[in-house]
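# Residue-level structural notes
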Amino acid sequence: MSSPAKPEIPAPLANLKIQYTKIFINNEWHDSVSGKKFPVFNPATEEIICHVEEGDKADVDKAVKAARQAFQIGSPWRTMDASERGRLLNKLTDLMERDRLLLATMESMNAGKVFPHAYMMDLEVSIKILKYCAGWADKIHGQTIPSDGDIFTYTRREPIGVCGQIIPWNGPLLVFTGKLGPALACGNTVIVKPAEQTPLTALHMASLVKEAGFPPGVVNVVPGYGPTAGAAISSHMDIDKVSFTGSTEVGKLIKEAAGKSNLKRVTLELGGKSPCIVFADADLDSAVEFAHQGVFLHQGQICVAASRLFVEESIYNEFVKRSVERAKKYVLGNPLNVGINQGPQIDKEQHDKILDLIESGKKEGAKLECGGGRWGNKGFFVQPTVFSNVTDEMRIAKEEIFGPVQQIMKFKSIDDVIKRANNTSYGLAAGVFTKDLDKALTVSSALQAGIVWVNCYLAMAVQSPFGGFKMSGNGRELGEQGMYEYTELKTVAMKISQKNS
Amino acid sequence: MATINGAVENGQPDGKPPALPRPIRNLEVKFTKIFINNDWHESKSGKKFATYNPSTLEKICEVEEGDKPDVDKAVEAAQAAFQRDSPWRQLDALRRGQLLHQLADLLERDRAILATLETMDTGKPFLHAFFVDLEGCIKTFRYFAGWADKIQGRTIPTDNNVVCFTRHEPIGVCGAITPWNFPLLMLAWKLAPALCCGNTVVLKPAEQTPLTALYLGSLIKEVGFPPGVVNIVPGFGPTVGAAISSHPQINKIAFTGSTEVGKLVKEAASRSNLKRVTLELGGKNPCIVCADADLDLAVECAHQGVFFNQGQCCTAASRVFVEEQVYGEFVRRSVEYAKKRPVGDPFDAKTEQGPQIDQKQFDKILELIESGKKEGAKLECGGSAMEDRGLFIKPTVFSDVTDNMRIAKEEIFGPVQPILKFKNLEEVIKRANSTDYGLTAAVFTKNLDKALKLASALESGTVWINCYNAFYTQAPFGGFKMSGNGRELGEYALAEYTEVKTVTIKLNDKNP
């Protein structure tokens, strides 16, 4: 048995039926309390896929009640063996494998993800995440501690309680599992609010959660909008923790609401303006490809987008030339169709913002190497765009674009480029390309980023913790560290008649 | 349908109890050869040995008898599978974990077959094999499957301009020698962490009970572990066991068995190549019943604690210390229990006690029973073999046992319960600890301080409070003193199957 041969990617499911469009509470499907529904769009065609029940504060309240009930001492979920929680998570992955084609087709259609990526990457990684977390369930250890005095002291890592999880539209299934896995492994109950643009895979997952055998109330899904359902979660007095992935702007609102309400614990995965530093001694072809994928994956709609490329002077022109060649290899169109390798942006708002930033690039004097505008006249498509001669003051060098736009800048000295790379209030990811041992180690130490990739980019392993420095976020997700963010530490100190070491 | 643990399937728990599993009738023994490189081999010498059913005293079948040349072949295969750039070394850790999960899946699939084989080979009741041995195996593989991609070294802030980190690497080729009392379970306890950490293995199952290990070989192959990762060489201690203990290319050995043989294994390991050693050996485990205990609970736990598996447990509760005030009542209830214990055909669902494993053990137990009578202990019930029933011994209870009697000092490994009296806590702590063994201890009390005090004071690797034989794959198990070296199960087992490498990289400039 060697590493498995690359499996063939099947065709997307024809005639995909959307079975689940309601609010999921207590393993049951509910209409919204208000009776309202909202439309869900296919960003490639701008057509409505279906309507989904629109949750608001009243529905969140219902979900919290259910989640709180499921979390009571003595409940099936609280009295379940930790290893059994792990077993249920593994069962969930079996069901995801069974429904892999359906989920990938749905994700591709709803989120605009190119189908081969949805099938091979999003589904693969989502399943791995849950398997990884399943393995941790019965390994969340506290400690016994040699404290002073005649006291027997130990700590317990308990679940926090009811956790609100707000999921973005760029990785609907990926981020759903990335938050669900650790929360459930550690014994919490959850209320998930998927992005209003992309609620469908979350709702299908809810049906699998029920099928896997999780007790009612452990997982609840309330689709809806940020200012209503999202805000209700952030400021709920009976939610113990909120985890949000999305823009820095909204992240600040969430943390504010958390503070103002009940000091619920907060993890935030926010935006970035991640630098990629390419030294003259780098493997040039490899650097070009990684830097390219780093900013163009999923139409640039990734928080870790390598959107400030610093290239050492002596290789600058060659690097630009090869990057431009690479950016021209895209076939835009419906992400479900064969041969398409770039899909649409998620919606009009994003589309307009990206085009506005591209215009600013042109106006502020960057050199447009290719692309530079919209593509087609239906669907939210943007041409893959490369700017060279970008300087640090330009908007495209400072603001998060979240689109298929690459900025290439020049640098001379190592100290200087480190300063420039760190000169942002973001701090999510960074890339370093060099063959030199010392440079690799010292530069990665110096960069203010939660994840530094050396001679690679986007190598996100489920076993490694992920999160941002500065305003790119608070806390870490996944890895061992990510598990502890879903626990609350209790110290127990018992008086004994005499202690012995 | 509800699972044992409260998870619900299809939304609703089902009130019905599950039907009892049944053994496989006329089970054909398919795997009787030496397993190397995912292939079945005959022994180099051409020799075979017989394995018997201790219940019927009939021969089950013949198995290839390995010796040093077969061990050498197995080690070669294990080494090759461990080379840098081998498929096994290059596998993502998560994938190693998935293979272990798949092995657990196959154990579930073939659970009744394996339980039947285990009962045929050991004489243990079929339902025990199904619900204890096989359950433990499946849980062990699943537990360690989860650890595979979580074996983490550290990055360390040392002095000076240096980048320093540790890697927790697999040790290499690991030898494992397993006993006849829980053949498959003791094997799982070694195989699971060994594979989880990325090692390759050469196993020797006990000569009395090789069958389930060999069946496991077929499952290893079916799952798709690369050839050479797991190799199984059945045979005898002085030949195969000695060859493994002293092999210069085996990097670590794990042994479960008697203290006497454990010492030989450690000696051979040291004399050859200082291979790392873990040992799980014997015990003379104290069970302390305080006057304030829940007496029924204590009686039942102490009873199962010594009689389970025909008394053939390293954890056997073979010194029951009962506080004076409740002594008489405790003895009375224990005798009632012992008299009711159903002894018989291990395939009968009602049977709780089967035969002892072989004539040698049988004779040793009877000899110790005689010593009990001779040295003045009071025989309350049992005390001899079942009438013309082969290797079956009556559940035996001795009271008025004192510390210097042989039955209070030597490991009996049979269905014999010695009950002793104590007056106060300090006294019983001293007496409980005055042994070279130190595997487990049990305490029955409702008092918080007493419980914590005893837990702290007893020189045992495991202390059970108001329970017995409470094994969990998540919790480490092993002995103090001469009951063993090192720990199995739990996160602690990982340390026994990894080798720590420190990497220190000098930098030009310091960047904190």
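Definitions and limits used
- Residues numbered from 1 in each chain as written.
- Chains lettered and ligands numbered in written order.
- Predicted model: local features only at pLDDT ≥ 70, side-chain atom pairs only at ≥ 80, totals over all residues.
- Heavy atoms only, no water.
- Helix = DSSP H or I, 4+ residues; strand = E, 2+ residues; numbered from the N terminus.
- Rg over C-alpha atoms; globule rule 2.2 N^0.38 Å.
- Buried < 20%, exposed > 50% of the residue type's maximum accessible area, 1.4 Å probe, protein only.
- Contact = heavy atoms within 4.5 Å.
- Pairing = 2+ DSSP bridges.
- UniProt positions renumbered as here; feature names shortened; annotations may be inferred.
- Buried area = accessible area lost by both parts, 1.4 Å probe.
- Salt bridge = Lys/Arg side-chain N within 4 Å of Asp/Glu carboxyl O.
- Polar contact = N/O pair within 3.5 Å; in protein donor to acceptor, adjacent residues only side chain to side chain.
- Patch = residues over 30% accessible without salt bridge, like charges linked within 9 Å, V, L, I, M, F, W, Y side chains within 5 Å.
- Areas by Shrake-Rupley, 256 points an atom, 1.4 Å probe, with all protein chains shown as cover.
- Axes fitted to C-alpha atoms, helices over the stretch in contact; angles between N-to-C directions.
- Parallel < 35°, antiparallel > 145°, perpendicular 65-115°, else oblique.
- Left-handed = near helix turned anticlockwise from the far one by under 90°.
- Nonpolar A, V, L, I, M, F, W, Y, C, P; charged D, E, K, R; others polar.
- Right-handed = clockwise from strand over helix to strand, strands pointing away.
- Phe/Tyr/Trp six-rings, centres within 6.5 Å; stacked < 30°, edge-to-face > 60°.
- Lys NZ or Arg CZ within 6 Å of the ring centre and 35° of its normal.

## Overview of the overall build of chain A
Within chain A, the secondary structure is distributed over 16 helices and 22 strands. The globule rule puts the C-alpha radius of gyration for 501 residues at 23 Å, and the 23 Å found for chain A is close to it. A principal-axis box enclosing the C-alpha atoms of chain A has dimensions of 75 × 60 × 55 Å. The 501 residues of chain A split such that 58% are buried. Looking at chain A alone, contacts between residues at least 24 apart form 75% of all its contacts between residues at least 6 apart.

## A closer look at the sheet that holds strand β6 (residues 162-170) of chain B
All names here are of chain B. The antiparallel open sheet is built from three strands, whose spatial order is β5-β6-β20. Looking at the sheet topology across the chains shown, the edges are occupied by β5 (155-156) and β20 (498-506). Judged from the nine bridges that link them, β6 and β20 form a sheet pairing that is antiparallel. Considered in β20, the bridge of Pro-170 is made with Thr-498.

## Observations concerning the UniProt feature "active site" (unreviewed entry) in chain B
Residues and elements named next belong to chain B. According to UniProt, the feature "active site" (unreviewed entry) maps to Glu-280 and Cys-314 in the numbering used here. On the basis of their most widely separated C-alpha atoms, the annotated residues across 35 residues gather in one place, lying no more than 8.4 Å apart. With respect to the secondary-structure elements, Glu-280 resides in strand β11 (residues 276-280). By secondary structure assignment, the location of Cys-314 is in the loop between α10 (295-307) and β13 (319-323). If sequence neighbours within four positions are ignored, Cys-314 has contacts with Asn-181, Leu-281, Gly-282, Gly-283, Asn-285, Glu-411, Phe-413 and Leu-439.

## Regarding unusual backbone geometry
All names here are of chain B. One non-glycine residue, Leu-57, adopts positive backbone phi at about 65 degrees. Looking at where Leu-57 falls in the secondary structure, it is placed in the loop between β3 (48-53) and β4 (58-64). The phi dihedral of Phe-413 is positive, around 60 degrees, even though this residue is not glycine. Note on placement: Phe-413 falls in the loop between α13 (406-409) and β16 (416-422).

## Brief notes about the interface of chain B and chain A
In this complex, chain B contributes 37 residues to the contact, which on the side of chain A involves 35 residues. Buried surface at the junction of chain B and chain A, both sides included, amounts to about 3100 Å², of which 58% is carbon and sulfur. Between chain B and chain A we count zero salt bridges in total. On inspection of chain B and its partner chain A, the count reaches eight residue pairs in polar contact (both at pLDDT 80 or more).

## A few points about the side chain of Asp133(B)
Note that Asp133(B) resides in helix α5 (residues 126-147). Aside from chain neighbours lying at most four places away, what touches Asp133(B) is Glu118(B), Lys124(B), His128(B), Phe182(B) and Leu185(B).

## Re the environment of Ala421(A)
Residues and elements named next belong to chain A. Examined against the element boundaries, Ala-421 turns out to sit in helix α14 (residues 414-422). Residue Ala-421 is classed as buried on the basis of its relative accessible area of 3%. Remark: the alpha-carbon pair of Ala-421 and Gly-294, spanning 127 residues in sequence, is separated by 16 Å. Residues within four places of Ala-421 in sequence aside, it is in contact with Pro-275, Ile-277, Arg-308, Phe-310 and Leu-447.

## Examining the pattern of salt bridges
Residues and elements named next belong to chain A. All told, the structure shown has 65 salt bridges over all chains when counted by the stated rule. When the shortest N-O distance is used, the salt bridge between Glu-289 and Arg-326 registers 2.8 Å. With Glu-289 in helix α10 (residues 284-296) and Arg-326 in helix α11 (residues 316-327), the pair connects residues that are 37 residues apart, well separated along the chain. According to the relative accessible area criterion, Glu-289 is partly exposed, its value standing at 29%. Residue class for Arg-326 comes out buried when judged on its relative accessible area of 17%. A salt bridge links Glu-325 to Lys-321, with the shortest nitrogen-to-oxygen separation between them at 3.7 Å. In this pair, Glu-325 and Lys-321 are both assigned in helix α11, four residues apart and thus about one turn of the helix distant. Residue classification places Glu-325 among the partly exposed positions, given a relative accessible area of 47%.

## Some details on a nonpolar patch on the surface
Residue and element names in this part refer to chain B. A contiguous nonpolar patch, built from Leu-20, Phe-131 and Val-132 and spanning about 260 Å² of accessible area, is present on the exposed surface. Structurally, Phe-131 is set in helix α5. Judged by its relative accessible area of 41%, Phe-131 is partly exposed.

## Overview of the sheet that holds strand β12 (residues 286-289) of chain B
Residues and elements named next belong to chain B. The strand order across the open sheet formed by seven strands is β14-β15-β16-β13-β12-β17-β18, and the pairing between neighbours is mixed. If you trace the sheet from one side to the other, it starts and ends with β14 (378-381) and β18 (462-465), each paired once. Adjacent strand axes in the sheet meet at a mean angle of 20 degrees, parallel and antiparallel pairs treated alike. Where β14 meets strand β15 (residues 396-399), three bridges bridge the pair, whose relative direction is antiparallel. The partner of Cys-381 across the bridge, within β15, is Val-397. Strands β12, β13 and β16 of the sheet are contacted by helix α14 (residues 425-433), whose axis makes an angle of about 145 degrees with β16.

## Brief notes about the environment of Asp400(B)
Residues and elements named next belong to chain B. Position of Asp-400 among the secondary structure elements: in the loop between β15 and α13. Separated by 235 residues in the primary sequence, Asp-400 and Phe-165 have C-alpha atoms spaced 59 Å apart. For Asp-400, the residues in contact, after removing those within four places along its chain, are Tyr-327, Gly-376, Ala-377, Lys-378, Met-405 and Ile-419.

## Quick word on α14(B)
Residues and elements named next belong to chain B. Within α14, burial applies to Leu-425, Val-428, Ile-429, Arg-431, Ala-432 and Asn-433. Looking at the buried positions of α14, the neighbouring elements they touch are β12, β13, β16 and α15 (448-457). Capping of α14 at its N-terminal end is provided by Asn-424; its side-chain oxygen lies 3.2 Å from the backbone amide nitrogen of Glu-426.

## Considering the packing of helix α4 (residues 111-122) of chain B against α5(B)
Residue and element names in this part refer to chain B. Where α4 contacts α5, the axes come no closer than 9 Å and their chain directions differ by 120 degrees. Judged on the interaxial angle alone, α5 and α4 are oblique. Note that α4 runs across α5; the crossing there is right-handed. For the pair formed by α4 and α5, the contact residues are Arg-111, Ala-112, Leu-114, Ala-115, Thr-116, Glu-118 and Thr-119 on the first element and Phe-126, Ala-129, Phe-130, Phe-131, Asp-133, Leu-134, Glu-135 and Ile-138 on the second. Counted by class, the contact of α4 with α5 contains nine nonpolar, two polar and four charged residues.

## A closer look at the pairing of strand β10 (residues 252-256) of chain B
All names here are of chain B. Burial analysis of β10 places five of its five residues in the buried class, the great majority of the element. Neither face of β10 is left uncovered, since the one carrying Lys-252, Ala-254 and Thr-256 and the one carrying Ile-253 and Phe-255 both have all their residues buried. Both strand β7 (residues 173-177) and β10 contribute to a ladder of four bridges, which runs parallel. Among the inter-strand pairings, Ile-177 is bridged to a residue of β10, identified as Phe-255. Sheet topology note: the β10/β11 ladder contains five bridges and is parallel. Looking at the pairing, Ile-253 lines up with Val-277 of β11. Note on the crossover from β10 through helix α9 (residues 259-272) to β11: the handedness is right-handed.

## Structural notes on the packing of aromatic side chains
Under the criterion given, the structure shown has 29 aromatic pairs over all chains. Aromatic pair Trp169(A) and Phe402(A): ring centres 5.5 Å apart, planes at 90 degrees, arrangement edge-to-face. Within this pair, whereas Trp169(A) is found in the loop between β7 (162-166) and α6 (172-185), its partner Phe402(A) is found in the loop between α13 (395-398) and β18 (405-411), the two being separated by 233 residues in sequence. With respect to class, Trp169(A) is no different from Phe402(A); both count as buried. Between Phe182(B) and Phe308(B) the ring centres are 6.2 Å apart and the planes differ by 25 degrees, which places this aromatic pair in the stacked class. Note that Phe182(B) is positioned in the loop between β7 and α6 (183-196) and Phe308(B) in the loop between α10 and β13, a separation of 126 residues in sequence. For Phe182(B), a relative accessible area of 9% gives the class buried. Here the aromatic residues Trp189(B), Trp464(B), Tyr468(B), Phe471(B) and Phe477(B) are joined through ring pairs into a cluster of three or more. Stacked on the ring of Tyr486(A), the Lys or Arg Lys241(A) has its end atom at 4.4 Å from the ring centre. Just above the ring of Tyr337(B) sits the side chain of Lys340(B); from NZ or CZ to the centre is 5.6 Å.

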